[in-house]
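# A closer look at the structure
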Amino acid sequence: GGWIWEFVGDPDRPEAVPTGAGVAPAVTQESAPATVALAEHLTAGVAVMYAGYWGPHCHDQREMVGKEASQQLQVV
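Cut-offs used in this document
- Residues numbered from 1 in each chain as written.
- Predicted model: local features only at pLDDT ≥ 70, side-chain atom pairs only at ≥ 80, totals over all residues.
- Heavy atoms only, no water.
- Helix = DSSP H or I, 4+ residues; strand = E, 2+ residues; numbered from the N terminus.
- Buried < 20%, exposed > 50% of the residue type's maximum accessible area, 1.4 Å probe, protein only.
- Contact = heavy atoms within 4.5 Å.
- Phe/Tyr/Trp six-rings, centres within 6.5 Å; stacked < 30°, edge-to-face > 60°.
- Patch = residues over 30% accessible without salt bridge, like charges linked within 9 Å, V, L, I, M, F, W, Y side chains within 5 Å.
- Areas by Shrake-Rupley, 256 points an atom, 1.4 Å probe, with all protein chains shown as cover.
- Salt bridge = Lys/Arg side-chain N within 4 Å of Asp/Glu carboxyl O.
- Core = buried A, V, L, I, M, F, W, Y, C linked by side-chain atoms within 4.5 Å.
- pLDDT = per-residue confidence, 0-100.

### Brief notes about the overall build of the protein chain
Counting its regular elements, the protein chain contains 3 helices and 0 strands. Tracing the protein chain from N to C terminus, the helices and strands come up as α-α-α. Taken across its 76 residues, the protein chain has 25% of its residues classed as buried. A fraction of 84% describes how many contacts in the protein chain between residues 6 or more apart in sequence connect residues 24 or more apart.

Next up, the structure:
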């Protein structure tokens with residue numbers, strides 16, 4: 001077996017982002033239009049990103065595409 005996690009924030013309270021153990025760090029980099037388009041293309045093509053919230057490399061990948069694009073990706 002394995003663990004699958006997902007966080008869906010409260011859109012009415014974007015400042016209420018949980019932190020601490022077991023929570024991925026927030027992505028702070030803004031997305032360029034090209035990375036948003038790439039995320040939309042990957043999601044439409046049923047691509048999935050397998051990531052661990054604890055891994056710095058997974059977080060680095062999300063920062064590379066930015067917060068808007070990373071929110072569109074299918075992450076397991």
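### A word on the packing of aromatic side chains
Counting across every chain of the model gives 1 aromatic pair. Ring geometry for Tyr53 versus Trp54: centroids 5.0 Å apart, planes at 85°, classification edge-to-face.

### A short note on a nonpolar patch on the surface
A contiguous nonpolar patch, built from Val48, Tyr50 and Val76 and spanning about 290 Å² of accessible area, is present on the exposed surface. With respect to the secondary-structure elements, Tyr50 resides in the loop between α1 (33-44) and α2 (56-65). Given the relative accessible area of 63%, Tyr50 is considered exposed.

### A word on the nonpolar core
Membership of the largest hydrophobic core is limited to 8 residues, which are Val36, Ala39, Met49, Ala51, Cys58, Val65, Ala69 and Leu73. Contributing elements (two or more residues each) for this core: α1 and α2. Residues in contact with Val36, not counting those within four places in the same chain, are Ser31, Glu68, Ala69 and Gln72.

### Structural notes on the environment of Ala34
Within the secondary structure layout, Ala34 lies in helix α1. Taking the C-alpha atoms as reference points, Ala34 and Ala69, 35 residues apart in sequence, are found 9.2 Å from one another.

### What about the confidence of the model for the protein chain?
Of all residues in the protein chain, 74% attain a pLDDT of 70 or more, and the chain-wide mean is 79. Across the protein chain, the element-wise mean pLDDT spans from 89 in α2 up to 92 in α1. Confidence drops under a pLDDT of 50 for residues 1-8, and excluding neighbours within four residues, the segment shows 6 contacts in the predicted structure.

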